Amino acid sequence: MNFKKIALGVVALTSIVTLAACGSSSSKDSLAKIKDKGTLTVALSPDYAPFEFQMLKDGKNEIVGSDVDLAKEIGKALGVKVNIQAMDFNNVLASVTSGKADIAISGISSDPDRAKAYDFSDSYYTANNVIVVKKEHQDKFATIADFNGKKVAAQKGSVQEKVATEQVKDASLVSLIKTGQAINELKNGTVEGVVLEEPIGKSYIAANSDLALSDVKLDSSDTDSYCVAMPKKSDKLKKEIDAVIKKLKAKDAINKSVEKNFELAQTAK
């Protein structure tokens, strides 16, 4: 019996030590975890030119864009390598929740619901929302009322999906996984318009002479400001990222990066 008690005591002690170790690991803040592994894993959806898109460089497919430039600046500030993970937009935030990615930079806007589940950096870019239409139909869609009873597309899980629902409310919303799908649906006549951020809309228009911006004015607000998403309680990591954003904005580096990548995106089409 005494031997059994000793054995049980050893098992109990081992369990306590193991639990303590697990607790210590899980309680480590996001910044420390990133620095310990020496890599910053960034989730994004590469169909948002000029913010993130794919192009051939030296015969190899590479993900580039102003969000990628921002990720690299954050990695440089943290002294770690940057690992870009491409995925559909509706999986980007989920990858942060699951721990597959440390942060997400993919034209993501903070809203009250998202803020309950994630920490967000200060805004690094603010975009207006627009509706892209076929150029031949541009005169037909001068007001929101012109879309009544029509089909309008937006990317699934995006702020623009919400904008379409709330502001183009008498149209039928078609939610699609990728922005490129929405543009294709517009070009083949399945939908009459696509709600996008202005820089992305202009990028598609520059590559497609049969598309144009409608004259419809959509309300934009702080919810259309792009932020870096990270796990809750990432106070130290947020402080570091905010410092990078502040430094870049002071030099107008982010706007310059957007302009540079807009031009680059045209060569990638």
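Residues numbered from 1 in each chain as written. Predicted model: local features only at pLDDT ≥ 70, side-chain atom pairs only at ≥ 80, totals over all residues. Heavy atoms only, no water.

An unreviewed UniProt entry lists the protein chain under the name Transporter substrate-binding domain-containing protein, with Pseudolactococcus raffinolactis as the source organism.

Further remarks concern the overall build of the protein chain. Of regular secondary structure, the protein chain possesses 10 helices and 15 strands. Evaluated residue by residue, the protein chain yields a buried proportion of 43% over its 269 residues. Taking contacts inside the protein chain between residues at least 6 apart in sequence as the whole, the part at least 24 apart equals 73%. Working note: accessible area of the protein chain is about 13,900 Å², and carbon and sulfur atoms make up 53% of it. (Helix = DSSP H or I, 4+ residues; strand = E, 2+ residues; numbered from the N terminus. Buried < 20%, exposed > 50% of the residue type's maximum accessible area, 1.4 Å probe, protein only. Contact = heavy atoms within 4.5 Å. Areas by Shrake-Rupley, 256 points an atom, 1.4 Å probe, with all protein chains shown as cover.)

For Ser225, the position within the fold is in strand β14 (residues 225-226). Under the relative-accessibility criterion, Ser225 is labelled buried at 6%. Each residue touching Ser225, except ones within four places of it in the same chain, is listed here: Ile108, Ser109, Ser110, Ser123, Tyr125 and Thr126.

Taking strand neighbours across the sheet as the criterion, the 5 strands line up as β11-β10-β12-β9-β13 in an open arrangement whose pairing is mixed. The open sheet has two edge strands with one neighbour each: β11 (172-176) and β13 (211-213). Along the sheet, successive strands turn relative to each other by an average axial angle of 35°, direction set aside. Where strand β10 (residues 151-155) meets strand β12 (residues 193-197), 2 bridges bridge the pair, whose relative direction is parallel. Note on β12: the bridge partner recorded for Ala153 is Val194. Along the sheet, helix α8 (residues 198-207) contacts β9 (129-134), β12 and β13; its crossing angle with β12, the most-contacted strand, is approximately 125°. (Pairing = 2+ DSSP bridges. Axes fitted to C-alpha atoms, helices over the stretch in contact; angles between N-to-C directions.)

With that out of the way, let us pick up the pairing of β11. Of the pairings in the sheet, the one linking β10 to β11 comprises 5 bridges and is parallel in character. Following the sheet pairing, Ala153 is matched in β11 by Val174. Tracing the backbone out of β10, into helix α6 (residues 159-167) and back to the parallel element β11 gives a crossover that is right-handed. (Right-handed = clockwise from strand over helix to strand, strands pointing away.)

Overall, the coordinates contain 7 aromatic pairs when judged by the stated rule. Aromatic side chains Tyr118 and Phe120 sit 6.4 Å apart centroid to centroid with 70° between the ring planes, which places their arrangement in the edge-to-face category. Accessibility assignment for this pair places Tyr118 and Phe120 in one class, buried. (Phe/Tyr/Trp six-rings, centres within 6.5 Å; stacked < 30°, edge-to-face > 60°.)

With antiparallel pairing, 3 strands are arranged side by side in an open sheet as β2-β3-β4. Here the strands that pair on one side only, and so sit at the sheet edges, are β2 (47-48) and β4 (60-64). Where strand β3 (residues 52-57) lies against β4, 5 bridges are found, and the strand directions are antiparallel. Within the sheet, the bridge partner assigned to Lys57 lies in β4 and is Lys60.

Bringing empty space enclosed by the protein into the picture now. Within the structure shown, the criterion is met by 1 cavity of 30 Å³ or more. Its volume calculated, the largest cavity comes out at about 40 Å³. In terms of lining, the largest cavity is formed by Tyr48, Phe89, Gly107, Ile108, Ser109, Arg114, Ser158, Val159, Gln160 and Glu197. In terms of residue class, the lining of the largest cavity is built from 4 nonpolar, 4 polar and 2 charged. (1 Å grid on protein atoms, 1.4 Å probe; cavity = no way out; pocket = protein on both sides within 12 Å on 5 of 7 lines; lining within 4 Å. Points joined across faces, edges and corners; volume = space filled by probe spheres on them. Nonpolar A, V, L, I, M, F, W, Y, C, P; charged D, E, K, R; others polar.)

All right, on to the nonpolar core then. Ranked by size, the top nonpolar core spans 51 residues in total, and within it Leu70, Ile74, Ile103, Ile105, Tyr124 and Val228 carry the most contacts. With 5 residues, helix α9 (residues 235-250) is the largest single contributor of residues to this core. (Core = buried A, V, L, I, M, F, W, Y, C linked by side-chain atoms within 4.5 Å.)

Now for unusual backbone geometry. With an omega of 10°, the peptide bond running from Ala49 to Pro50 counts as cis. On the secondary structure map, Pro50 appears in the loop between β2 and β3. Of note in the backbone geometry, Lys233 takes a positive phi value of approximately 65° without being a glycine. Looking at where Lys233 falls in the secondary structure, it is placed in the loop between β15 (229-231) and α9. Not every positive phi belongs to a glycine, and Asp252 is a case in point at roughly 60°. Following the sequence through the fold, Asp252 ends up in the loop between α9 and α10 (253-268).

On to the packing of helix α3 (residues 66-78) against α9, then. Between α3 and α9, whose axes approach to 10 Å, the crossing angle comes to 120°. If you check the angle between α3 and α9, you find them oblique. Of the two elements, α3 crosses α9, and the hand of that crossing is right-handed. Two secondary-structure elements touch here, α3 through Leu70, Glu73, Ile74, Ala77 and Leu78 and α9 through Leu237, Glu240, Ile241, Val244, Ile245 and Leu248. Residue classes in the contact of α3 with α9 are distributed as 9 nonpolar, no polar and 2 charged. (Parallel < 35°, antiparallel > 145°, perpendicular 65-115°, else oblique. Left-handed = near helix turned anticlockwise from the far one by under 90°.)

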